[in-house]
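Coordinates in review
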Amino acid sequence: MSGVGSSPSSRRNSFNSLSRDLELPSEQGCLSIIVLGASGDLAKKKTFPALYNLFDQGFLQSGEVHIFGYARSNLSDDGLRERIRGYLKGEPEDVSEFLQLIKYVSGSYDSGEGFENLDKEISKYEASNQSGSYRRLFYLALPPSVYPSVCKMIRTYCMNPSSHPGWTRVIVEKPFGKDLDSAEELSSQLGELFEEHQLYRIDHYLGKELVQNLLVLRFANRFFLPLWNRDNIDNIQVCRELIYQKYGMLIIPNMQIVFREDFGTEGRGGYFDQYGIIRDIIQNHLLQVFCLVAMEKPVSLKPEHIRDEKVKVLQSVNPIKSEEVVLGQYDGYKDDPTVPDDSNTPTFASVVLRVHNERWEGVPFILKAGKALNSRKAEVRVQFKDVPGDIFKCKKQGRNEFVIRLQPLEAMYMKLTVKKPGLEMATEQSELDLSYGMRYQNVKIPEAYERLILDTIRGDQQHFVRRDELKSCPDPVPVDIQAAWQIFTPLLHDIDDGKMKAVPYQPGSRGPKEADELSAKVGYVQTHGYVWVPPTLA
């Protein structure tokens, strides 16, 4: 093994030690992980690699875990293993050992026969394990449209047997609906089948290393406490940019949450066109980061306390103004044969949020995401106000900024004005830099899916989206999901009804020029002449 020890005992010690550090109960016994949609892209590119990495690092024990793939495809055990082998990065013998833990069951998602066969295979493994505790984890790597029928089948045929201690938990992927009504309907359907402690609504952004670092940065460092408010901060950006092939996504300042990709829909046009960039990225990923940036200090690190504060800040967001929204669609998007010729679906959006509370009144938060842009990155950018009484005449060089680079090249750096070396009193912009690649050279930064799957096994719901009962509603409704959809549903309905149009932009550009104009209008001051260069060992 290339991870934490190679023997079963060393892996078990690794898992139990970390559980004690987090004050979580250490569990022993039989663990069955069932990946539904096992033959799909999400499973082979994300879910199975995450499970392999947990196995490789010692968090999944070969004597205590077995993995079941379930899908409609007609595959053998070896057929599924070979399909995912190329996505597992490790020593060949370790990969082969992991693949032997996987068994495949074929069946439909809406009939009982396949799930009865799945339950028989799980029970057969549990009986052979001779453990008193049976734990079943179902990962739905499936479209949300089949969640209700699949969860009904799980509830009817595949629950942990009541004769043995243990649990049944279900991971569901975003998007959680398309608007407020559909989100409430989906939540109600799932809530009739499972208790809240059994449901884990995954948003993989909450598993990213530097996203999880946001709470530590804000509340464990004294010098941030008096600065993190409207008196000192002019705007904040959270940016996400990806570079894969030809195109990219854009980021823009102020209190912004931005997601950039340099690729288009890449054959996913039909699927993407049903949702658009706001539902796909902004309403979930970027809004979760926004919550961590803007929320108040929780009472403790218990999941319910953290999520209480996230809900409070979501409920403090004012209705979005149409004049503070820019929508874009890249030229060539409708060339995809799966996209309708008259599609108004935005592939780019810049949205300004306004938080009505004492800390953030008057500070614009810009959430921005787009496809087919010019760069790849994800970052939070906090831009401070100008220094009063600028005796050095350096205002034109740019403002102080604190930047948290989420990916790639994870880093945190403070952009500030310093004296330029030499005999003259000249100033320039530089940075104080903490780049993870330099500071933590021998540390493996885990993938988001690894962390969140491990959290589910432990029963830690801190980094998942919560479902509560609202007093104003007769049915249980997810408070944070509802609050998030309440912010965006009016805007989404206006887009769906054609009341707001997407403007065209060139692939490989920064996006619509109107987005830069909106950022400048709400107060963002762009720095010219300064570029952050990631440090290297050379």
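Scope of this entry: the structure provided in the associated data block. Remember, predicted model here, so these are calculated numbers, not experimental data. (Residues numbered from 1 in each chain as written. Predicted model: local features only at pLDDT ≥ 70, side-chain atom pairs only at ≥ 80, totals over all residues. Heavy atoms only, no water.)

The strand order across the open sheet formed by six strands is 3-2-1-4-5-6, and the pairing between neighbours is parallel. Taken across any chain shown, the strands that pair with only one partner, and hence form the sheet edges, are strand 3 (102–106) and strand 6 (199–202). Mean inter-strand twist for the sheet, computed between neighbouring axes without regard to direction, equals 20°. Sheet strands touched by helix 6 (residues 147–157): strand 1 (30–36), strand 4 (134–140) and strand 5 (166–173). Its angle to strand 4, the strand with the most contacts, is close to 165°. Sheet strands touched by helix 13 (residues 448–458): strand 1, strand 4, strand 5 and strand 6. Its angle to strand 5, the strand with the most contacts, is close to 150°. (Pairing = 2+ DSSP bridges. Helix = DSSP H or I, 4+ residues; strand = E, 2+ residues; numbered from the N terminus. Axes fitted to C-alpha atoms, helices over the stretch in contact; angles between N-to-C directions. Contact = heavy atoms within 4.5 Å.)

Leu 140, Phe 290 and Phe 488 are the most contacted members of the largest nonpolar core, which has 145 residues in total. One finds Val 403, Ala 411, Tyr 530 and Trp 532 within the second-largest nonpolar core, a separate group that totals five residues. (Core = buried A, V, L, I, M, F, W, Y, C linked by side-chain atoms within 4.5 Å. Buried < 20%, exposed > 50% of the residue type's maximum accessible area, 1.4 Å probe, protein only.)

It is worth spelling out the pattern of salt bridges at this point. Side chains carrying opposite charge are able to pair once their charged atoms draw close together. Enumeration according to the criterion identifies 24 salt bridges in this entry. Linking Lys 103 and Asp 77 is a salt bridge whose minimum nitrogen-to-oxygen distance equals 3.3 Å. One end of the pair, Lys 103, is in strand 3; the other, Asp 77, is in helix 3 (residues 77–85), and 26 residues separate them in sequence. As a salt-bridge pair, Asp 386 and Arg 399 come within 3.0 Å of each other at their nearest N and O atoms. Within this pair, whereas Asp 386 is found in the loop between strand 12 (378–384) and strand 13 (401–407), its partner Arg 399 is found in the loop between strand 12 and strand 13, the two being separated by 13 residues in sequence. Judged by its relative accessible area of 10%, Arg 399 falls in the buried class. Each of Glu 379, Arg 381, Glu 401 and Lys 415 takes part in one network of salt bridges that share partners. (Salt bridge = Lys/Arg side-chain N within 4 Å of Asp/Glu carboxyl O.)

Moving on: the pairing of strand 14 (residues 411–419). Bridging between strand 13 and strand 14 involves five bridges; their strand directions are antiparallel. Its bridge partner lying in strand 14, Val 403 is registered against Tyr 413. Between the antiparallel neighbours strand 13 and strand 14 lie three residues, among them Leu 409 with a positive phi of about 55°. Strand direction decides the pairing type here: strand 14 and strand 15 (residues 427–435), joined by nine bridges, are antiparallel. For Lys 415, the partnering residue across the bridge sits in strand 15 and is Glu 431.

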